[in-house]
Amino acid sequence: MMRLAVRTLRFRKGGFVATFVAVVFGTAIVMACGGLMETGIRSNVEPERLAAAPIVVTGKQSHLRPGAEDATVLPERVGVPASVVAKISSVEGVSAAIGDYTFAAVGAGATEGHNWSSAALAPYRLTSGRAPRAGQVVATGSDVKVGDRVTFLIKGEPATFTVSGLAAGPTGHSFFSDREAARFVDNPTSFADVGVLVAPGTDVDAVRDRIEALDAGITVRTGIDRGLAEHIGGESQRVALISIAGSFGGIATMTMMFVVASALALSAQHREREFALLRGIGTTPGQVRRMILGEALLVSIPAVLLGAVPGVFLGRFLFEQLGSHGVASPVVEFSQGLIPFAAGAGAAVLATIGAALIAARKSAKIRPVEALMEASLQRKWFSWVRLLFGLLFLGGGLALLIVTATVMTGPLAGATAGPSILCWAIGVALLGPFWTKAVLLLWRWPVQALTRVNGRLAILNVSARSVAMSAAVMPVMLAVGISTANLYMQTTQVQAASESFTRDLRADAVLVSEAGLSPALLNQVREVAGVASASAFVRSTGVIDEPRNAPFDEEGAPLLGVDAQGQDGTAPVRLTAGSLSGLVGSTVALPEYVAAKLDRGVGSEITMTMGDGASVTLRVVALFAAERGYESIVLPASLVAAHTTDGLTKQILIRSEPGSDVRPALVALAAKHPGVQVADRDNLVASNAEDLQTQAWINYMLVGMLIAYTAVSVINTLVSTTLRRRREFALQRLTGSTRAQVLRMLTTESTLIWLSGITLGTLVALACLLPYSAKVSDSAIPTGPLWIYLVIVGAAGALTFTSTLLPATTTLRHSPTQPTHAD
């Protein structure tokens, strides 16, 4: 049968083009996702500033709260206590353990400052001058000379130093004396990391094992992993990259299986007469199945090899885009070895085999007498297997809809609303003939009234071929449904988050500086005429340890740091109990819902792990109202800043008195402080929604790829279906129809296909969007610009009409008396 399969492919190349194209694109997408996942798992970052240390010790960048199954990745740098450095120095095989102080120091071409002792870890070497003393600095890679006076911004304050030397090594770093570096960091009893030097000939792995046994709160890195110690955000970005690659790869694989199955099923449907003739001459069902499977394999294997080429470039392109938007660390090396290729190839081949077996199931059982019937006029809607699975998927979509509407809250609703899109789409597609018939009943009369004679003929065709027509409607439904639901989920969530933040935001202006704001500047702002209130504003993430029933997942609780203030303060909260005037020291203000879950009120205590791993006990001083799903914990700004990586306050919120214009005075004040800028509240709102905008951009990009892939299915299906009707068009021509009349009939049919597809796709999208929108916002109507939907509908129409009319125009150029073939 393989020999017959090869001969079949030789004479029916057109019938397998759709399968070939679907496998090529599917392989490329799955392989690209595999490359992203491998990159996230490996997270290869070449060490630079710590390259000379074969072992690097850092704090453990995760925290497992009591009773939780998964650890929370901590967003801030977790330090290594100085006491641990002494223990490391005494480990057998260690020749030196050098602690590294790291702090923000902007100036002389650098953004970070370190203690001079840690320069040996690169190693840096002096090219001129000498090591720094008090009031001196060693610069790297800048235009300064020994003896120059340079100014650095440290903790928001300008400080001037004399350049004592120049060092060759990785740029962007400056080195100060050990004593001054200890003064510049918030906690001199803790190092950012520790570089471990070992004696020549020492077994590094053995030394690493001995160091790991010293303390459970440290992470010991060797080899390529040492680079992660220099880029603290790499750990959280690593988790995000793996999650994105896994979820999108799974969706892409399912979509590929469906698209390939549709292409093969359509090809098998067009060849039912051929299969019936084979059965009539004695071919067994098993031989027919083997022939179809052989054809599928012969098509898929070269398609997989071809798809691997764009897969490599697509994976690297996606990684670069994720890196440029802050989702992936740009310093991580992109990795795409044999494993992603095997995953993409395996998924494509398995999808093809599964689709071929499904297509062969019916074709192998066709009765020989059916060779005398018109096989192209399919009358059976679907098998009991499709009915069973279709109902199961629809039931799954309904169950997820109920869970979304009754159980989930806020942004968490996306965890169930997202999968429901696929359940609804696949369920409708499996029962496509039924839904197509139902929607055609809705559209046939308006279309017939507008198109008259040509419309009547088109409607008769569509009605007689409604089962086959569903194969053309379903890809349009998939494209419209998946894209509409995913895009409007993102616009709705971003809008809801912005409204939740701005509803209680009372700041009129904000001072910002990436280099940090001086504490003295806050006092100066409060003295400006017309300023009613001013407060530092700091963000981070923490974990509530006690009580244990905190309503936050493994991502932790968002933390907002503000200063103590009265009722007219700038804090974006609506107080319901207590006061923020006592928000000093180790205190906290809780959202009402969180306090109720924790069974805590004003005057009680909770225990939290801050973003840098430090545990603090906090006294509750206030409760406030907050939108469900958007709750944040409010702490003193000084407390939050002290437990961030750079220890800086980068924003000051300002509220002016009614009728006062304080902006000119603030601009004049900011001009006296290098790096400080004045922005309005829109800047603060944009900053608050930055993470959501990034997540939305990711989904836009990934959904766009799925839409493009689904568009391939639309084109394949419609082109194949149109070309299959050559004999029908020739018969119409012979009975007196002109080319223009045939094309007008096809235009009407395309209109019905388009309208049916967008109707079903819109209903699928609404089944997901209505409960989701009701949970994340105040309305069940999704928010977002109307042009998104119009573009989706317009693109679906362009694909539908182009894929039908172009091949038809080509076919109608031939004489109706010219013999036609099956393909």
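Everything numeric here is computed off the predicted structure, so don't read it as measured data.

1. Quick look at the overall build of the protein
Line of reasoning, step 1. From N to C terminus, the protein includes 22 helices and 25 strands.
Line of reasoning, step 2. Counting all 823 residues of the protein, 52% fall into the buried class.
Line of reasoning, step 3. Summed over all atoms, the accessible surface of the protein reaches about 34,900 Å², with 60% contributed by carbon and sulfur.

2. Observations concerning the packing of helix 20 (residues 726-734) against helix 21 (residues 739-776)
Two packed helices can be described by the angle between their axes and the distance between those axes.
Line of reasoning, step 1. Across the interface, helix 20 lies against helix 21 with an axial gap of 10 Å and an inter-helix angle of 135 degrees. In this view, helix 20 runs oblique relative to helix 21, as classed from their interaxial angle. Crossing geometry of helix 20 relative to helix 21 is assigned as right-handed. In this structure, helix 20 contributes Glu-728, Phe-729, Gln-732 and Arg-733 to the contact, and helix 21 contributes Arg-739, Val-742, Met-745 and Leu-746.
Line of reasoning, step 2. For the contact of helix 20 with helix 21, the per-class residue count stands at 4 nonpolar, 1 polar and 3 charged.

3. Quick look at the environment of Val-703
Line of reasoning, step 1. Tracing the backbone through its elements, the reader meets Val-703 in helix 19 (residues 690-723).
Line of reasoning, step 2. Taking the C-alpha atoms as reference points, Val-703 and Ala-479, separated by 224 residues in sequence, lie 9.9 Å from one another.

4. Considering the nonpolar core
Line of reasoning, step 1. By size, the foremost hydrophobic cluster in this structure holds 51 residues, and its most contacted members are Met-474, Met-477, Met-489 and Ile-753.
Line of reasoning, step 2. Only helix 11 (414-430), helix 12 (432-464), helix 13 (466-503), helix 19, helix 21 and helix 22 (786-812) provide two or more residues apiece to this core.
Line of reasoning, step 3. Per-element tally for this core: the top contributor is helix 13, with 15 residues.
Line of reasoning, step 4. In this view, Met-489 contacts Gly-414, Ala-417, Gly-418, Ile-421, Cys-768, Leu-769 and Tyr-772; residues no more than four positions away in its chain are not counted.
Line of reasoning, step 5. Ranked by size, the runner-up nonpolar core spans 46 residues in total, among them Ala-22, Val-23, Val-304 and Tyr-709.

5. Considerations on the pattern of salt bridges
Here the idea is simple: oppositely charged side chains can pair when their charged atoms come close.
Line of reasoning, step 1. Considering all chains together, one arrives at 12 salt bridges under this definition.
Line of reasoning, step 2. Between Arg-208 and Asp-209 there is a salt bridge, with its nearest N and O atoms 3.6 Å apart.
Line of reasoning, step 3. Take Asp-209: its relative accessible area is 43%, and that puts it in the partly exposed class.
Line of reasoning, step 4. It is possible to trace a salt-bridge network through shared partners that takes in Arg-49, Arg-77, Asp-100 and Asp-193.

6. With respect to the side chain of Ser-420
Line of reasoning, step 1. Inspection of the secondary structure puts Ser-420 in helix 11.
Line of reasoning, step 2. For Ser-420, a relative accessible area of 2% gives the class buried.
Line of reasoning, step 3. Beyond its immediate stretch of four places on either side in the chain, Ser-420 contacts Gly-397, Leu-400 and Cys-768.

7. A short note on the pairing of strand 6 (residues 102-107)
The side chains of a regular strand alternate, first on one face of the sheet and then on the other.
Line of reasoning, step 1. Among the 6 residues of strand 6, 5 are classified as buried, and the element is accordingly described as predominantly covered.
Line of reasoning, step 2. Pairing analysis gives 4 bridges linking strand 6 to strand 7 (residues 110-115), with the strands arranged antiparallel. The residue of strand 7 that forms the bridge with Thr-102 is His-114.
Line of reasoning, step 3. Count of turn residues in the strand 6/strand 7 antiparallel hairpin: 2 residues, of which Ala-108 carries a positive phi of about 55 degrees.

8. Side note on the sheet that holds strand 15 (residues 218-222)
Line of reasoning, step 1. Spatially, the 4 strands line up as an open sheet ordered 5-14-1-15, and their pairing is antiparallel. Either end of the sheet is taken by a strand with one partner, and the two such strands are strand 5 (94-100) and strand 15. On average, adjacent strands in this sheet sit at an angle of 25 degrees to one another, irrespective of strand direction.
Line of reasoning, step 2. In this sheet, strand 15 lies alongside strand 1 (residues 55-59) in antiparallel orientation, the contact comprising 5 bridges. Note on strand 15: the bridge partner recorded for Gly-59 is Ile-218.

9. Quick notes on a negative patch on the surface
Line of reasoning, step 1. A cluster of acidic residues, Glu-69, Asp-70, Asp-553, Glu-554 and Glu-555, forms a negative patch on the protein surface.
Line of reasoning, step 2. With respect to the helices and strands, Glu-69 occurs in the loop between strand 2 (62-63) and strand 3 (72-73).

10. Digging into the packing of aromatic side chains
Line of reasoning, step 1. Summed over all chains, the structure comprises 13 aromatic pairs.
Line of reasoning, step 2. A ring pair is formed by Tyr-124 and Phe-175, whose centres lie 4.7 Å apart and whose planes are at 65 degrees; its orientation type is edge-to-face. Taken together, the residues span a long stretch of sequence, with Tyr-124 in the loop between strand 7 and strand 8 (125-129) and Phe-175 in strand 12 (residues 173-176) at a distance of 51 residues.
Line of reasoning, step 3. A relative accessible area of 7% means that Tyr-124 is categorised as buried.
Line of reasoning, step 4. Judged by its relative accessible area of 0%, Phe-175 falls in the buried class.
Line of reasoning, step 5. Aromatic ring contacts, followed pair by pair, group Phe-103, Phe-152, Phe-161, Phe-176 and Phe-184 into a single cluster.

11. Quick word on the pairing of strand 5
Line of reasoning, step 1. When you tally the buried positions in strand 5, you get 5 out of 7 residues, the bulk of the element.
Line of reasoning, step 2. Here 6 bridges tie strand 5 to strand 14 (residues 193-198), and the two strands are oriented antiparallel to one another. Bridge assignment links Asp-100 to a residue of strand 14, and that residue is Asp-193.

12. Description of unusual backbone geometry
For residues other than glycine, phi is negative in most cases, and the peptide bonds are mostly trans.
Line of reasoning, step 1. For the bond running from Ala-122 to Pro-123, omega is -5 degrees, close enough to zero to count as cis.
Line of reasoning, step 2. Turning to its location among the elements, Pro-123 is positioned in the loop between strand 7 and strand 8.
Line of reasoning, step 3. Residue Pro-547 is bonded to the preceding Glu-546 through a cis peptide linkage, with omega at -5 degrees.
Line of reasoning, step 4. Looking at where Pro-547 falls in the secondary structure, it is placed in the loop between strand 17 (531-546) and strand 18 (557-562).
Line of reasoning, step 5. One non-glycine residue with positive phi stands out, namely Ala-108, at about 55 degrees.
Line of reasoning, step 6. With respect to the helices, strands and loops of the structure, Ala-108 is situated in the loop between strand 6 and strand 7.

13. Quick word on the packing of helix 11 against helix 21
Line of reasoning, step 1. With their axes 8 Å apart at the nearest point, helix 11 and helix 21 run at an angle of 160 degrees to one another. Considering the angle they form, helix 11 stands roughly antiparallel to helix 21. Taken as a pair, helix 11 and helix 21 cross one another with a handedness that is right-handed. The residues of helix 21 that touch helix 11, namely those facing Gly-414, Ala-417, Ser-420, Ile-421, Trp-424, Ala-425 and Val-428, are Val-764, Ala-767, Cys-768 and Tyr-772.
Line of reasoning, step 2. For the contact of helix 11 with helix 21, the per-class residue count stands at 9 nonpolar, 2 polar and no charged.

14. Describing the environment of Ser-586
Line of reasoning, step 1. With respect to the helices and strands, the residue Ser-586 is situated in the loop between strand 19 (574-578) and strand 20 (587-591).
Line of reasoning, step 2. Between the alpha carbons of Ser-586 and Val-616 there is a distance of 7.4 Å; along the sequence they are 30 residues apart.
Line of reasoning, step 3. If near-sequence neighbours (up to four positions away) are discounted, Ser-586 is found in contact with Thr-617, Leu-618 and Arg-619.

15. Side note on helix 8 (residues 285-324)
Line of reasoning, step 1. With 40 residues, helix 8 should cover 58 Å at 1.5 Å per step; its first-to-last C-alpha distance of 55 Å lies within 8% of that length.
Line of reasoning, step 2. Residue Val-309 marks the point of greatest curvature in helix 8, where the axis turns by about 30 degrees; the proline Pro-310 follows within four residues.
Line of reasoning, step 3. Immediately beyond the C-terminal end of helix 8, within one or two residues, lies Gly-326, with a positive phi of roughly 80 degrees.

16. A short note on the side chain of Thr-102
Line of reasoning, step 1. On the secondary structure map, Thr-102 appears in strand 6.
Line of reasoning, step 2. Note on Thr-102: relative accessible area 15%, which makes it buried.
Line of reasoning, step 3. A distance of 2.9 Å separates polar atoms of two side chains, one belonging to Thr-102 and the other to Asp-100.
Line of reasoning, step 4. One polar contact links Thr-102 to His-114, side chain to side chain, over a distance of 3.3 Å.
Line of reasoning, step 5. Look past the residues within four positions of Thr-102 in its chain and what remains in contact with it is Arg-49, Glu-112, Gly-113, His-114, Val-185 and Ala-192.

17. Section: the environment of Leu-322
Line of reasoning, step 1. Tracing the backbone through its elements, the reader meets Leu-322 in helix 8.
Line of reasoning, step 2. Residues Leu-322 and Ile-698, spaced 376 residues apart in sequence, show a C-alpha to C-alpha distance of 7.5 Å.
Line of reasoning, step 3. Setting aside residues up to four positions removed in sequence, Leu-322 forms contacts with Leu-36, Leu-241, Val-327, Ala-328, Trp-697, Ile-698 and Met-701.

Calculation notes
- Residues numbered from 1 in each chain as written.
- Predicted model: local features only at pLDDT ≥ 70, side-chain atom pairs only at ≥ 80, totals over all residues.
- Heavy atoms only, no water.
- Helix = DSSP H or I, 4+ residues; strand = E, 2+ residues; numbered from the N terminus.
- Buried < 20%, exposed > 50% of the residue type's maximum accessible area, 1.4 Å probe, protein only.
- Areas by Shrake-Rupley, 256 points an atom, 1.4 Å probe, with all protein chains shown as cover.
- Axes fitted to C-alpha atoms, helices over the stretch in contact; angles between N-to-C directions.
- Parallel < 35°, antiparallel > 145°, perpendicular 65-115°, else oblique.
- Left-handed = near helix turned anticlockwise from the far one by under 90°.
- Contact = heavy atoms within 4.5 Å.
- Nonpolar A, V, L, I, M, F, W, Y, C, P; charged D, E, K, R; others polar.
- Core = buried A, V, L, I, M, F, W, Y, C linked by side-chain atoms within 4.5 Å.
- Salt bridge = Lys/Arg side-chain N within 4 Å of Asp/Glu carboxyl O.
- Pairing = 2+ DSSP bridges.
- Patch = residues over 30% accessible without salt bridge, like charges linked within 9 Å, V, L, I, M, F, W, Y side chains within 5 Å.
- Lys, Arg positive; Asp, Glu negative; His and termini not counted.
- Charge placed at Lys NZ, Arg CZ, Asp CG, Glu CD.
- Phe/Tyr/Trp six-rings, centres within 6.5 Å; stacked < 30°, edge-to-face > 60°.
- Expected span 1.5 Å × (residues − 1).
- Bend = angle between axes of the 7 residues up to and from the residue.
- Polar contact = N/O pair within 3.5 Å; in protein donor to acceptor, adjacent residues only side chain to side chain.

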